[in-house]
2 protein chains.
Amino acid sequence: MIEVAIGIDIGGTNTKFGIVEESGSMLTQGSIKTDSQKGPKDFLARLNQAICEHLDRLEGEILIKGIGIGAPNANCHRGTIEHPANLPWEGVTPIVEMFQEYFPYRMIITNDANAAAVGEMMFGGAKGMRDFILITLGTGLGSGIVANGQPINGHGGLAGEMGHTLIKPGGRLCGCGSRGCLETYCSATGILRTVFELQADTLEPSALRSVSWEELSAQKIFEEAQKGDPIALKAFELTGAYLGEGLASAVAYFNPEAIFLWGGLTKAGKLIFEPTRRHMEAHLMKVYKGKVKLVPSKLQDINIAVLGAAAMIWKEVKEERVQGLGLGVS
Amino acid sequence: MIEVAIGIDIGGTNTKFGIVEESGSMLTQGSIKTDSQKGPKDFLARLNQAICEHLDRLEGEILIKGIGIGAPNANCHRGTIEHPANLPWEGVTPIVEMFQEYFPYRMIITNDANAAAVGEMMFGGAKGMRDFILITLGTGLGSGIVANGQPINGHGGLAGEMGHTLIKPGGRLCGCGSRGCLETYCSATGILRTVFELQADTLEPSALRSVSWEELSAQKIFEEAQKGDPIALKAFELTGAYLGEGLASAVAYFNPEAIFLWGGLTKAGKLIFEPTRRHMEAHLMKVYKGKVKLVPSKLQDINIAVLGAAAMIWKEVKEERVQGLGLGVS
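This section reports on the structure supplied with the text. Please read all numbers here as calculations on a predicted model, not as lab measurements.

Attention shifts here to empty space enclosed by the protein. One pass over the full model with this rule turns up 4 cavities of 30 Å³ or more. Counted as a void, the largest cavity has a volume near 190 Å³. When contributions to the lining of the largest cavity are tallied by element, the ones reaching two or more residues are α6 (230-254) of chain A together with α6 (230-254) of chain B. Broken down by element, the lining of the largest cavity gets its largest block of residues, 4 residues, from α6(B).

Following this line, the structure appears as structure tokens:
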């Protein structure tokens, strides 16, 4: 008999899922179009069908230990998705209750970055760590924070929005309505905005001056930086400066053992890690200096949100096993 | 038989202690001069003597359940005080190990603001809360953060330094060596600096213009603000603006149920709470707006650090009792 957990990552365009063993090995994975405008009921029926097809193709007897879901604006306490920005589902959708009509199993929902952090803790570079931060650098900046061995969900289940902490008072307008949020500087979109600001502010020649806003990508900026393009290089330096400052404040709050960076931007390697580390260290209090690891996620080329969603189930199963043995959760 | 916990708050000038029952009632309290230049050994001998004198005066049989210590730069994992800024003890002092020669009991050490947060949770306004922040506004700004029902200590035991998160890049010089730390704006010293900045920047008449730096205090600023002094009023408004901005970022990290403010500055009541709440709400993401309580600590006129240090012992005792009954810690 094969024991598995199902991990699901609900995104604005696609919803991905995977069937994961306790070792972290992903037996199979798939995806469907979220097509959210048809409503959550239609979505869940199609998701159920896709998952069942994958389960049917597995050999041997399968025991499902539970289903973990990562989703935007997920409220882990209530099992709901609430006022999501990138799904047209109005108000509060009781997603866990609705999905349990298909799968009457243990079900956990949380935001995608929190799920990713649990993935890093169970299967990645944070194994054995009790205090760390995982930052996902994508279109925006997501964060999953683990303290005392537990992800921080907060009272309303909506903690870990480091992308919306203030890094520059009165700074760039953010999708959330505020100005100066960290993710307007430190994300794939943020570095793009920085390139355009540098083109406006300086007279430096740059290959990027022939690229439009719509054509430009973080990948393109990385390629030009590797060729020594001055604006591309400066953009990475500035991104690292803002991120380093933001991380220094996060260290003052959490005193983590390590900070993991995940996502496309981290593929720039030294170009992003070196300035980020340098500016973080420059802003750290003396007691923290040189003591916080800043490293890439070890789940870089894996769908970390799907794996992390499944990891939440395995984490609970493991804790219950330890409690059952009367050892207490360490 | 009376069961008690001893709470100790080690400060730069004075060290205070109290003997506290599980109900939170403080049976007796005392203090000694820290006189730290004579070294930790001399200090602990005098502290032991003072505590024993107080214990001897209590009637009935006393059972000591443990000793909680709040101290600057305390490392809760190692039981040490490390490189403290306001004590001349060099390097790392193994304070728990040294003090256990006198008191061979359960002993917990943590930083004073973390201890205060546990006090608020056990005996104050945070009873029953699992996610909240306590901020102490004194000479500096201290913070104790509770998530998932546990104080966040961090990997090195030095978490919760919200006073040293960055609020204004390139701003005021901080005692920690950085610039723009939150506590350089939001503390008794911070509001004093703001008054001097306003005197320099504006031509407003003010009764405070006849007061020197050394004579000025937060209390004096409060008194003038009550009389309608424009610079004093503006100083409270600005202090609230910075604190509100800082709290909005803290909410994005932690999504707390409540934020408690403690300390002299909070005695200004509406003068500090109103602008802080207004600026916090203005900077909150939509999902958090109107949902975070901002209230004064309920342990305002008590030595919260002493009570909180004792509360750490009672918290552990209570958790063990629950675990002993096989109920798990909720």
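This part takes up unusual backbone geometry. Residues and elements named next belong to chain A. Positive phi outside glycine occurs at N148, with the angle close to 55°. Mapped onto the fold, N148 is located in the loop between β10 (141-147) and β11 (150-151). For N148, a relative accessible area of 22% gives the class partly exposed.

Rotating chain A by 180° and translating it 0.0 Å along the rotation axis places it on chain B, where the RMSD comes to 0.1 Å. Both copies are brought into coincidence by an operation consistent with a two-fold rotation axis.

Another aspect to go through is the packing of aromatic side chains. Under the defined criterion, the tally for this structure stands at 22 aromatic pairs over all chains. Both rings, one in Y253(A) and one in Y253(B), keep their centres 4.9 Å apart while their planes meet at 55°; by these two values the pair is tilted. Here Y253(A), found in helix α6, pairs with Y253(B), found in helix α6, and the two come from separate chains. Since its relative accessible area comes to 2%, Y253(A) is described here as buried.

Residues and elements named next belong to chain B. Given a rise of 1.5 Å per residue, 12 residues ought to cover 16 Å, and the 16 Å separating the end C-alpha atoms of helix α3 (residues 112-123) matches this to within 8%. Across the 12 residues that make up α3, a large majority, 11, are buried. With a side-chain oxygen lying 2.9 Å from the backbone nitrogen of A113, the N-terminal cap of α3 falls on N111.

All right, on to the interface of chain A and chain B then. Counting residues at the interface gives 39 residues for chain A, matched by 39 residues for chain B. Where chain A abuts chain B, roughly 3,400 Å² becomes buried across the two surfaces, and 59% of that area is made up of carbon and sulfur atoms. At the surface where chain A touches chain B, the tally comes to 0 salt bridges. Broken down by secondary-structure element, the contributors of at least two residues to the side of chain A that touches chain B are β10, β11 and α6 of chain A.

Turning to the side chain of S249(A), a few remarks are in order. Turning to its location among the elements, S249(A) is positioned in helix α6. A polar side-chain atom of S249(A) sits 2.9 Å from the main-chain amide nitrogen of L166(B).

With that settled, the discussion passes to helix α7 (residues 270-283) of chain B. Residues and elements named next belong to chain B. For α7, which comprises 14 residues, the first-to-last C-alpha distance of 19 Å matches the rise-based estimate of 20 Å (1.5 Å per residue) to within 8%. Turning to α7, its buried residues are I272, F273, P275, T276, H279 and M280. Elements that come into contact with the buried residues of α7 comprise α6, β12 (258-262) and β13 (293-296).

Analysis parameters
Residues numbered from 1 in each chain as written. Chains lettered and ligands numbered in written order. Predicted model: local features only at pLDDT ≥ 70, side-chain atom pairs only at ≥ 80, totals over all residues. Heavy atoms only, no water. 1 Å grid on protein atoms, 1.4 Å probe; cavity = no way out; pocket = protein on both sides within 12 Å on 5 of 7 lines; lining within 4 Å. Points joined across faces, edges and corners; volume = space filled by probe spheres on them. Helix = DSSP H or I, 4+ residues; strand = E, 2+ residues; numbered from the N terminus. Buried < 20%, exposed > 50% of the residue type's maximum accessible area, 1.4 Å probe, protein only. Least-squares fit on C-alpha atoms with pLDDT ≥ 70 in both. Phe/Tyr/Trp six-rings, centres within 6.5 Å; stacked < 30°, edge-to-face > 60°. Expected span 1.5 Å × (residues − 1). Polar contact = N/O pair within 3.5 Å; in protein donor to acceptor, adjacent residues only side chain to side chain. Contact = heavy atoms within 4.5 Å. Buried area = accessible area lost by both parts, 1.4 Å probe. Salt bridge = Lys/Arg side-chain N within 4 Å of Asp/Glu carboxyl O.

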